[in-house]
Amino acid sequence: MGIHPNVLKNIRHVTPYVPGEQPQRKVIKLNTNENPYPPAPGVRKVLEEFHTDALRLYPDPAAELLTEELARFYEVEKEQVFPGVGSDDVLSLCFLTFFNSEKPILFPDITYSFYKVWAELYRIPYRCPKLDKEFRMNRADYYQENGGIIFPNPNAPTAVYEELEFIEDILEHNRESVVIVDEAYVDFAGKSALELIERYDNLLVVQTFSKARSMAGMRIGYAIGNKELIRYLNDVKYSFNSYTLNQLSLICGAEAVRDRAYFEKNIRKIIQTREKAKGELANLGFAFPDAKANFIFATHPDYSAEELFLALKKADIYVRHWNSERIKEYLRITVGTEEEMRILFDFLKHYIK
Ligand SMILES: *Cc1c(COP(=O)(O)O)cnc(C)c1O
């Protein structure tokens, strides 16, 4: 029995993305780069005052409320903003919209593993230039012919950040391709490539509410670029599902963007904890590329990463580990609260003799 082979052969077979664990009990959760602090206080107020009657209606397909707030925040026009259900939704639509060449798209060999999944899902040819030993991108790798380019900055899971000069060089060499910079972690790092969108009409910057804005559970992400690129994205979205962002995400998202002071304070706190954590890790003998995100990608010369991963997990401290060739001796550790990091380091100090 089972599905007939002729049926099977017409089914799209995909190897899905594997997200980090979401244990349904309380653990020290440093495995999926969520923000340890709550969203802006205004978000709670919006939820308390929400009338469920509003749920009868479809949400605004253009997500104007949120789009306008983001446009104001980033000082662009609202036609330059494309919101979606988390940046995963936005990025996936970008693959569908912009990567339709016969030539391979390019992204680093060590990077956000969803890129490969989307490329395979949409049957987009791809090539993965190798990061060097320090986990840096070699810019010349991106001078070759391609059907598009995508990379996160800072990169994941390495937390390595490239300066804008590097991004601009890649843009200079790729006037004929769409270049997508996935800035999920840029608020913890440095300058955003947003300031380049006026000069490069082939640049798309994608950001998310999941990390710096503490709203992974709401699923909000967005792309910013020139109006024409955004229009093509909208055309694909409206050919797919017009009502993507729900009512609550729209109003909560807009409210979160209004509170710039909270946003900045939240980020400062995490950066402070990260810098302290780097010192602690170094004292324990860990090595890591300089971390510019809300996580640190660390390896220890005397302890296997898998062993540490399992020991930590047993102690209810969750970090992320991949069993893949070049990074299997590394742990990706999300920066949590001061208290969470204290518990992590108390454990490691006892474990590592
Ligand atoms: C977390 C993350 C995303 C996805 O974020 P969502 O907005 O939650 O979908 C995209 N890219 C990178 C590199 C990430 O780390």
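The chain goes by Histidinol-phosphate aminotransferase in an unreviewed UniProt entry, where it is assigned to Mediterraneibacter hominis. Under the Subunit (unreviewed entry) heading, UniProt states for the chain: "Homodimer." Listed under Pathway (unreviewed entry) in UniProt, the entry text for the chain is "Amino-acid biosynthesis; L-histidine biosynthesis; L-histidine from 5-phospho-alpha-D-ribose 1-diphosphate: step 7/9."

### Here we look at the packing of aromatic side chains
Geometrically, a pair of aromatic rings is defined through the distance of the ring centres and the angle of the planes. As enumerated under the stated definition, the model contains 24 aromatic pairs in all. Arranged with centres 4.2 Å apart and planes meeting at 15°, the rings of Y58 and Y243 form a pair that is stacked. Placement of the pair is Y58 in the loop between α2 (41-48) and α3 (64-74) and Y243 in the loop between α7 (227-238) and α8 (247-258), with a sequence separation of 185 residues. A relative accessible area of 63% places Y58 in the exposed class. Assessed through its relative accessible area of 35%, Y243 is described here as partly exposed.

### Here we look at the site of the ligand
Looking at the ligand, there are 13 residues lining it, with S87, Y185, T208, S210 and K211 nearest. Note that an oxygen atom of the ligand is positioned 2.5 Å from one of the side-chain N or O atoms of T208. Protein coverage of the free-state accessible area of the ligand, which is 390 Å², stands at 93%. It is helix α4 (residues 86-98) that provides the largest number of residues to the shell around the ligand, a total of four residues. Residues that form the shell around the ligand fall into these classes: five nonpolar, four polar and four charged.

Parameters and conventions
Residues numbered from 1 in each chain as written. Predicted model: local features only at pLDDT ≥ 70, side-chain atom pairs only at ≥ 80, totals over all residues. Heavy atoms only, no water. UniProt positions renumbered as here; feature names shortened; annotations may be inferred. Phe/Tyr/Trp six-rings, centres within 6.5 Å; stacked < 30°, edge-to-face > 60°. Helix = DSSP H or I, 4+ residues; strand = E, 2+ residues; numbered from the N terminus. Buried < 20%, exposed > 50% of the residue type's maximum accessible area, 1.4 Å probe, protein only. Near = heavy atom within 4 Å. Polar contact = N/O pair within 3.5 Å; in protein donor to acceptor, adjacent residues only side chain to side chain. Areas by Shrake-Rupley, 256 points an atom, 1.4 Å probe, with all protein chains shown as cover. Nonpolar A, V, L, I, M, F, W, Y, C, P; charged D, E, K, R; others polar.

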